[in-house]
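Structure assessment
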Amino acid sequence: YVSMRNLLPNQRYENVLTPTELKRDMPVDRQRTVRIYSRERARVGGISVKDHFEINVAPLTICITALFYKKMMTFAFPEKDAETFDDDFETEKTKKKNKKSKNASFYVECPSVEKDDVEKMKERAERNKLFIYIKIPEVPIKVSYKGEKEKNQILDVADFQLQVPTIEYHNVTWTWLDLLLAVKSKTKDSLVTQAIKQKFLRSNKTSGKEEQAPPGDEEKARMLLGSSSVLGSAKPTRRFLPRL
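Computed from a predicted model, the values in this text were never measured in an experiment.

Attention now goes to the overall build of the protein. The number of helices and strands found in the protein is 6 helices and 9 strands. Looking at the protein as a whole, 25% of its 244 residues qualify as buried. Counting contacts in the protein only where the partners sit at least 6 residues apart, residues at least 24 apart contribute 67% of the total. Surface accessibility of the protein: about 19,200 Å² in total, with carbon and sulfur atoms responsible for 54%.

In structure tokens, the structure reads:
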């Protein structure tokens, strides 16, 4: 069981993370909100190798604000600037794509490596991990999110039922921060797609209801009593006038 609270002042949400449902008949050894499976290989060039890394998450209710997210990211990764997490990740991803697209050369100039550069390379190798296979199975999540601006944005949602699809990665060299940002990017794309789809369906239902005019008194009577009764009641009544 996991529970997290937001103690920052003037925040819309206090309970940040709670399980959506916990079945009472579930065995004790499986009453876990998060289960992580990790199988490792021997290090390669000082880099840790994760042969199989899997995260199983129970259905969760997440209520978070942009300010709380930045505070948590700064706490977990103090060496990085919380304002530029996503930009740095996208820039690094673009660099790796461009490097793969370039043709390989047999003659590569060997740069001069100083002692400080070697130490930096060792530190980078300690942070990086080679993930052979990553899997996060599909999970339903109830999401509430509020951005920094007062006006509602497209990602501002309340009690939104998000179905996070199965996420898989193969043969990637990442830090823990890179993995977190990659999962966040995939989840964000799913949230935007599903939110637009649900809003579109709701608008169609609303417009369909507006086109149908409400039934009048005669239509209600026909539905309740039948058409023959209504037609009979509609006949004019005879009036008997005295003869003069």
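Take the sheet that holds strand 9 (residues 167-174) next. Read from one edge of the open sheet, 4 strands run 3-4-6-9, paired in mixed fashion. Both outer strands of the open sheet, strand 3 (34-44) and strand 9, are each paired with one neighbouring strand and no more. In this sheet, neighbouring strand axes are inclined to one another by 10 degrees on average, regardless of whether the strands run parallel or antiparallel. Two strands pair when backbone bridges link them, and strand 6 (residues 129-136) and strand 9 are joined in this way by 7 bridges, in the antiparallel orientation. By the bridge assignment for strand 9, Tyr133 is matched with His170.

The next subject is the nonpolar core. Counting 21 residues, the largest nonpolar core has Phe131, Ile134, Tyr169, Trp174 and Leu179 as its most contacted members. Mapped by element, the contributors of at least two residues to this core are strand 4 (47-57), strand 6, strand 7 (139-146), strand 8 (157-164), strand 9 and helix 4 (176-211). If you tally residues by element for this core, the top one is helix 4, at 5 residues. Listed in part, the 6 residues of the second largest apolar core include Met73, Ala82, Leu177 and Leu181.

Let us look at unusual backbone geometry. One non-glycine residue, Asn10, adopts positive backbone phi at about 60 degrees. Mapped onto the elements, Asn10 comes out in the loop between strand 1 (4-5) and strand 2 (15-19). Exposure remark for Asn10: the relative accessible area of 80% places this residue in the exposed category. One non-glycine residue with positive phi stands out, namely Asn171, at about 50 degrees. Summarising the element assignment, Asn171 is placed in strand 9.

Right, let's talk about the pairing of strand 2 for a bit. As defined by bridge partners, strand 1 adjoins strand 2 across 2 bridges and the pair is classed as antiparallel. Within strand 2, the residue paired with Met4 across the bridge is Leu17.

Tallied over the entire structure, the rule returns 5 salt bridges. For Arg41, the salt bridge goes to Asp51, with nearest N and O atoms at 2.8 Å. In this pair, Arg41 sits in strand 3 while Asp51 sits in strand 4, placing the two residues 10 residues apart along the sequence. In this structure, the salt-bridge partner of Asp156 is Lys146, at a minimum N-O distance of 3.4 Å. Residue Asp156 is located in the loop between strand 7 and strand 8, and its partner Lys146 is located in strand 7; the two are separated by 10 residues in the primary sequence. With respect to class, Asp156 is no different from Lys146; both count as buried. Residues participating in the shared-partner salt-bridge network are Arg39, Arg41 and Asp51.

About the thresholds
- For every chain, the first residue of its written sequence is number 1, and the numbers climb from 1 along that sequence.
- Confidence filtering applies because this is a predicted model: local features only for residues at pLDDT of at least 70, side-chain atom pairs given and counted only at 80 or more, and all residues used for totals across whole chains, interfaces and linings.
- The side-chain quantities take in all heavy atoms of the structure and omit both hydrogens and water.
- Numbering goes from the N terminus for both helices and strands, where a helix is a DSSP run of H or I of at least four residues and a strand is a run of E of at least two.
- Exposure classes here rest on a 1.4 Å probe applied to the protein chains alone. A residue is buried below 20% of its type maximum, exposed above 50%, and partly exposed in between.
- Contacts are residue-level and defined by heavy atoms, with any inter-residue pair within 4.5 Å sufficient.
- Throughout, the Shrake-Rupley method with a 1.4 Å probe supplies accessible areas, and for residues the shown protein chains are the sole cover considered.
- Only strands that DSSP links by at least two bridges are regarded as paired with each other.
- Here the axes come from fitting lines to C-alpha atoms, over the contacting stretch only for helices, and the angles between their N-to-C directions go from 0 to 180 degrees.
- For this analysis, a nonpolar core means a set of buried residues of the types Ala, Val, Leu, Ile, Met, Phe, Trp, Tyr and Cys, connected via side-chain atoms within 4.5 Å.
- Salt bridges are defined by distance alone: a side-chain nitrogen of Lys or Arg within 4 Å of a carboxyl oxygen of Asp or Glu.

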